[in-house]
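One letter stands for each residue in the lines below.
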Amino acid sequence: MSAAKAGGTFDWGGMVSLVVALVALNVYISQGPLIGWLSWAGIGLIAAAVVATLVFFGIETSRNNPVLNLTLFRNSTFAGATLSNFLLNGAAGTLIVSLGLVQVAAGMSSLQSGLLTLGYLVAILATIRVGEKLLQRFGPKRPMIWGSAIAGVGILMTSMTFTLIGQYIVLSVIGFTLFGVGLGFYATPSTDAALSNVPDDEAGAAAGIYKMASSLGNAIGVAVSAALYVAAQAMDPATIRSWGLFIGNQENVGLRFGGAVGILFNLLMVVVAIIAIMVTVPDERSVKRPEVPATPSIGS
């Protein structure tokens, strides 16, 4: 982000309107099942988010030094890399839903469920440098697509909540590991694609926006995944049982169905990220700026 000054003073209007919009949206997503998606409170939060967003864009487009330099998004490569970064970080909801599900539905402790993600952490640390080498050889586009696709396969495996608990543990360990491998492949090429395609004097602002996309994606993705997890549990368990898909314990099919819905939302985000990369990121690596190694913000 830029220095956010206009006329020698801090741009409080832009900052406040952005915060109001994000808080209202996050509260609506995370508390929707409790307050009611179409209740007066829920509608009020959506209205506040929309109005604050419009105010934010009105202020930011009229300032010489805005809080958020929106003109950077005119560069399609930067816009695509930032959007895919937002979506890949949003897929962090996979961990929240999956680990919460095995604790509630299978009675695992927080320590036991946390051990399922060991491969995820190791894989990220082990493949960051691999992503850098792939960037040097193939440019940013293909490693970003490969990383996103591998992460998507991992998320798909963790969504298989219709299996027995022993089978799901194996699927989760493998799935989380693939998720980490995908993020490791994706991280450095994505950062390079975003920051090497902006003017040198805008590099700082671009880096701030890119990092903010990581944080916002993480928060919003977790909130939406958790909301869908809870909301989907309202489906009639008898209807879910009639499908004959969920094997094993039939008393927790509502929880398992909710978990699958919440996790599959993250897979949808990854698919959208891949499409954005394919459309916006060039095949060849830019030579304007040196590569910028980076670690993914999920789990960091």
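Here is what the cut-offs are and how they apply
Residues numbered from 1 in each chain as written. Predicted model: local features only at pLDDT ≥ 70, side-chain atom pairs only at ≥ 80, totals over all residues. Heavy atoms only, no water. Helix = DSSP H or I, 4+ residues; strand = E, 2+ residues; numbered from the N terminus. Rg over C-alpha atoms; globule rule 2.2 N^0.38 Å. Contact = heavy atoms within 4.5 Å. Areas by Shrake-Rupley, 256 points an atom, 1.4 Å probe, with all protein chains shown as cover. Lys, Arg positive; Asp, Glu negative; His and termini not counted. Charge placed at Lys NZ, Arg CZ, Asp CG, Glu CD. Buried < 20%, exposed > 50% of the residue type's maximum accessible area, 1.4 Å probe, protein only. Polar contact = N/O pair within 3.5 Å; in protein donor to acceptor, adjacent residues only side chain to side chain. Salt bridge = Lys/Arg side-chain N within 4 Å of Asp/Glu carboxyl O. Phe/Tyr/Trp six-rings, centres within 6.5 Å; stacked < 30°, edge-to-face > 60°. pLDDT = per-residue confidence, 0-100. Axes fitted to C-alpha atoms, helices over the stretch in contact; angles between N-to-C directions. Parallel < 35°, antiparallel > 145°, perpendicular 65-115°, else oblique. Left-handed = near helix turned anticlockwise from the far one by under 90°. Core = buried A, V, L, I, M, F, W, Y, C linked by side-chain atoms within 4.5 Å. Bend = angle between axes of the 7 residues up to and from the residue. Nonpolar A, V, L, I, M, F, W, Y, C, P; charged D, E, K, R; others polar.

Caption draft 1: Broad picture of the overall build of the chain. Check the secondary structure of the chain and you find eleven helices and two strands. When the helices and strands of the chain are placed in sequence order, the string is β-β-α-α-α-α-α-α-α-α-α-α-α. What you see for the chain is a C-alpha radius of gyration of 21 Å, in line with the 19 Å of a compact globule of 300 residues. Its C-alpha atoms give the chain principal-axis dimensions of about 65 × 55 × 30 Å. Relative to all contacts within the chain whose residues are 6 or more apart in sequence, the contacts with residues 24 or more apart total 81%. Counting only carbon and sulfur atoms, one obtains 70% of the accessible surface of the chain, whose full area is about 13,600 Å². In the chain, 14 side chains carry a positive charge and 12 a negative one; their mean positions are 4 Å apart.

Caption draft 2: Inspection of the side chain of Asn197 at higher detail. With respect to the helices, strands and loops of the structure, Asn197 is situated in the loop between α8 (165-195) and α9 (203-232). Look at Asn197 and you get buried, because its relative accessible area is 18%. A polar contact of 2.7 Å, which involves the side chain of Asn197, links it to the backbone oxygen of Ala193.

Caption draft 3: Looking closely at the pattern of salt bridges. Overall, the coordinates contain one salt bridge when judged by the stated rule. Put simply, Arg129 and Glu132 hold a salt bridge, and the shortest N to O gap is 2.6 Å. Here Arg129 and its partner Glu132 are both found in helix α6 (residues 118-138), three residues apart, which amounts to about one turn of the helix. Residue classification places Arg129 among the partly exposed positions, given a relative accessible area of 49%.

Caption draft 4: Representation of the packing of aromatic side chains within the structure. Enumeration over the complete set of coordinates arrives at five aromatic pairs. Ring geometry for Phe56 and Phe57: centres 5.6 Å apart, planes at 70 degrees, overall edge-to-face. Its relative accessible area of 4% is what places Phe56 among the buried residues.

Caption draft 5: Region of the structure containing the confidence of the model for the chain. Averaged over all residues, the pLDDT of the chain is 87; the fraction at 70 or higher stands at 90%. Across residues 1-8, where pLDDT falls below 50, the model places 20 contacts with residues more than four positions away in sequence or in other chains. Note that pLDDT drops below 50 for residues 287-293; the model gives that stretch 23 contacts with residues more than four away or on any other chain.

Caption draft 6: Representation of the packing of α8 against α9 within the structure. Between α8 and α9, the shortest axis-to-axis distance is 10 Å and the interhelical angle comes to 140 degrees. Of the possible angle classes, the one that applies to α8 and α9 is oblique. Judged by the sense of rotation from one axis to the other, the crossing of α8 with α9 is right-handed. In contact with Tyr186, Ala187, Ser190, Thr191, Ala194 and Leu195 of α8, α9 contributes Ala203, Ala206, Ala207 and Tyr210.

Caption draft 7: Just the nonpolar core, in detail. Of all hydrophobic cores here, the largest spans 48 residues; its most connected members are Leu72, Phe78, Tyr120, Met144, Ile155 and Phe179. Looking at this core, the elements with two or more residues in it are α3 (76-90), α4 (93-106), α6, α7 (141-158), α8, α9 and α11 (253-280). Sorting elements by how many residues they give to this core places α8 first, with nine residues.

Caption draft 8: Region of interest: helix α1 (residues 12-35). The sharpest bend along α1 measures roughly 45 degrees and falls at Ile29, with the proline Pro33 sitting one to four residues further on. Considering only its buried residues, α1 is in contact with α2 (40-60) and α9. Immediately beyond the C-terminal end of α1, within one or two residues, lies Gly36, with a positive phi of roughly 95 degrees.

Caption draft 9: A look at the packing of α7 against α8. Their axes nearest at 7 Å, the elements α7 and α8 cross at an angle of 160 degrees. Classified by the interaxial angle, the pair formed by α7 and α8 is roughly antiparallel. Judged by the sense of rotation from one axis to the other, the crossing of α7 with α8 is left-handed. Here the residues of the contact of α7 with α8 sort into 18 nonpolar, eight polar and no charged.

Caption draft 10: Structural context of the side chain of Ser17. One can find Ser17 in helix α1. Discounting residues that sit within four places of it in the chain, Ser17 has contacts with Ala52, Val55, Phe56 and Ile59.

Caption draft 11: Broad picture of the environment of Ile277. Locating Ile277 in the fold gives a position in helix α11. With 132 residues separating them in the primary sequence, Ile277 and Ile145 have C-alpha atoms 6.8 Å apart. Not counting residues up to four positions away in its chain, the partners in contact with Ile277 are Ser84, Lys141, Met144, Ile145, Ser148 and Tyr186.

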